[in-house]
Amino acid sequence: MTTQEAPVESVEAEGRPDCWERFDAYRKEVYAHPDGGQGLLKIYDNYSENYNKDSVTLGYLGPANLAAVASEYVTDKGARILDAASGAGMVGEELKRRGFTCVDALDPSQDSIDYSKRHHSYTEHICDTLDEHQTKIKDDQYEAVVMCGAFGVPGHVTDICFPEIIRIIKPDGYFLFTVGDHVLEKWSDKMDAAIDALKQNGAWELIESRWVVYFTAYNERAKVVVLRINKK
Ligand SMILES: C[S@@+](CC[C@H](N)C(=O)[O-])C[C@H]1O[C@@H](n2cnc3c(N)ncnc32)[C@H](O)[C@@H]1O
């Protein structure tokens, strides 16, 4: 087992860390912006300095576990990977820790992108959203796109961006993303239908959907969905 499961006890054993209140408030604010837009981005801009630190303290293991699953599929450490909805860069840091040397970041929060630059995990930084519009990224650029903590979260990323993600991934490349259990409650059927429609089109294959520990402070798990791009 390469994914991480241990720190549930460590967060609880030490009592409620001070930052928990700050993180609760941030989450509440995010969920109060179901339409996304500038209001949501401002929350991420404002929290970028503390996001990684607080998340680590509270046992946010989604990024580490997504990177662990990605490294099972992408074995070439020089492969070009896009961290989509990269935020303050936790997935990039985990991929760097695993030896990946060519990871780009994409996120609409400029302050989060600027913060992520401190860790030197990324090659390129793209300030943009993933939705129905075409990004500046050329066709067939990435061996994999990874995305943590964004799919299905109100005002964040939805299945509407699937065609754009497929466009930028090379044939036989992978798209891996997390879906938290709280998000799945609402999204499960819609997400499965969207994945299936593109499978029927021959755009991709569903390889697996695996439960991992996601956020120990909130006792949350997530599914890591793994899709292989066909383009045949
Ligand atoms: C909960 S954070 C996750 C950040 C990082 N992936 C992590 O796991 O730490 C969600 C991120 O999604 C970004 N986001 C929101 N809407 C987006 C969209 N339409 N396309 C791409 N990113 C988006 C936000 O700016 C924010 O940085």
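Conventions adopted
- Residues numbered from 1 in each chain as written.
- Predicted model: local features only at pLDDT ≥ 70, side-chain atom pairs only at ≥ 80, totals over all residues.
- Buried ≥ 20, exposed ≤ 12 C-beta atoms within 10 Å, placed from the backbone.
- Helix = DSSP H or I, 4+ residues; strand = E, 2+ residues; numbered from the N terminus.
- Contact = placed C-beta atoms within 7 Å.
- Core = buried A, V, L, I, M, F, W, Y, C linked by C-beta atoms within 7 Å.
- Near = placed C-beta within 6 Å.
- Nonpolar A, V, L, I, M, F, W, Y, C, P; charged D, E, K, R; others polar.
- Pairing = 2+ DSSP bridges.
- Right-handed = clockwise from strand over helix to strand, strands pointing away.
- Axes fitted to C-alpha atoms, helices over the stretch in contact; angles between N-to-C directions.
- pLDDT = per-residue confidence, 0-100.

(A) Representation of helix 5 (residues 90–97). Here helix 5 lies mainly inside the structure; six of its eight residues are buried. Taken residue by residue, helix 5 has Met90, Val91, Gly92, Glu93, Glu94 and Leu95 as its buried positions. Looking at the packing, one finds that the buried side of helix 5 touches helix 3 (37–57), helix 4 (62–73), strand 1 (81–84), strand 2 (103–106), helix 6 (110–116) and strand 4 (142–147). At the exit of helix 5 stands Gly99, carrying a positive phi of roughly 100°.

(B) Quick peek at unusual backbone geometry. Non-glycine residue Asp172 carries a positive phi angle of around 75°. Along the chain, Asp172 falls in strand 5 (residues 169–180). For Asp172, a count of 11 C-beta atoms within 10 Å corresponds to the exposed category. The phi dihedral of Asn219 is positive, around 55°, even though this residue is not glycine. Tracing the backbone shows Asn219 in the loop between strand 6 (204–215) and strand 7 (220–229).

(C) Looking closely at the nonpolar core. Membership of the largest hydrophobic core comes to 67 residues, with the highest contact counts inside it found for Val145, Val146, Met147 and Leu176. In contact with Val146, not counting residues within four places along its chain, are Leu66, Ala70, Ile81, Asp83, Ala84, Val91 and Leu176.

(D) Main features of the site of the ligand. Close to the ligand lie 21 residues, the nearest being Ala85, Gly87, Thr129, Cys148 and Gly149. Every element with two or more residues in the shell around the ligand is listed here: helix 4 and helix 5. Split into classes, the residues belonging to the shell around the ligand amount to ten nonpolar, nine polar and two charged.

(E) Quick look at the pairing of strand 5. Of all twelve residues in strand 5, nine are buried; the element is thus mostly enclosed. The pairing of strand 4 with strand 5 spans five bridges and is parallel. Counted as the bridge partner of Met147 is Phe177 from strand 5. Once the chain exits strand 4 it traverses helix 7 (residues 162–168) before rejoining the sheet at strand 5, and the crossover so formed is right-handed. Where strand 5 meets strand 7, seven bridges bridge the pair, whose relative direction is antiparallel. Bridging across to strand 7, Gly180 finds its partner in Ala222.

(F) Structural context of the environment of Pro108. Along the chain, Pro108 falls in the loop between strand 2 and helix 6. Accessibility expressed as a C-beta count within 10 Å gives 21 for Pro108, which makes it buried. When the C-alpha atoms of Pro108 and Thr129 are compared, they prove to be 5.2 Å apart, with 21 residues separating the residues in sequence. Leaving out residues up to four positions away in the same chain, Pro108 has contacts with Leu41, Cys127, Asp128 and Thr129.

(G) Summary view of the sheet that holds strand 4. In spatial order, the strands read 3-2-1-4-5-7-6; together these seven strands make up an open sheet with mixed pairing. Strand pairing shows two members of the sheet lacking a second neighbour, strand 3 (125–126) and strand 6, which therefore form its edges. When strand 1 meets strand 4, the two strands line up parallel, connected through four bridges. Each residue of the ladder has a partner; that of Asp83, found in strand 4, is Val146. This element, helix 8 (residues 181–200), spans strand 5, strand 6 and strand 7 of the sheet and lies at about 160° to strand 5.

(H) The confidence of the model for the chain, seen in detail. Here the chain averages 93 in pLDDT, and 93% of its residues register 70 or above. Below pLDDT 50 for its whole length, residues 5–10 participates in six contacts with residues either more than four positions away or in separate chains.

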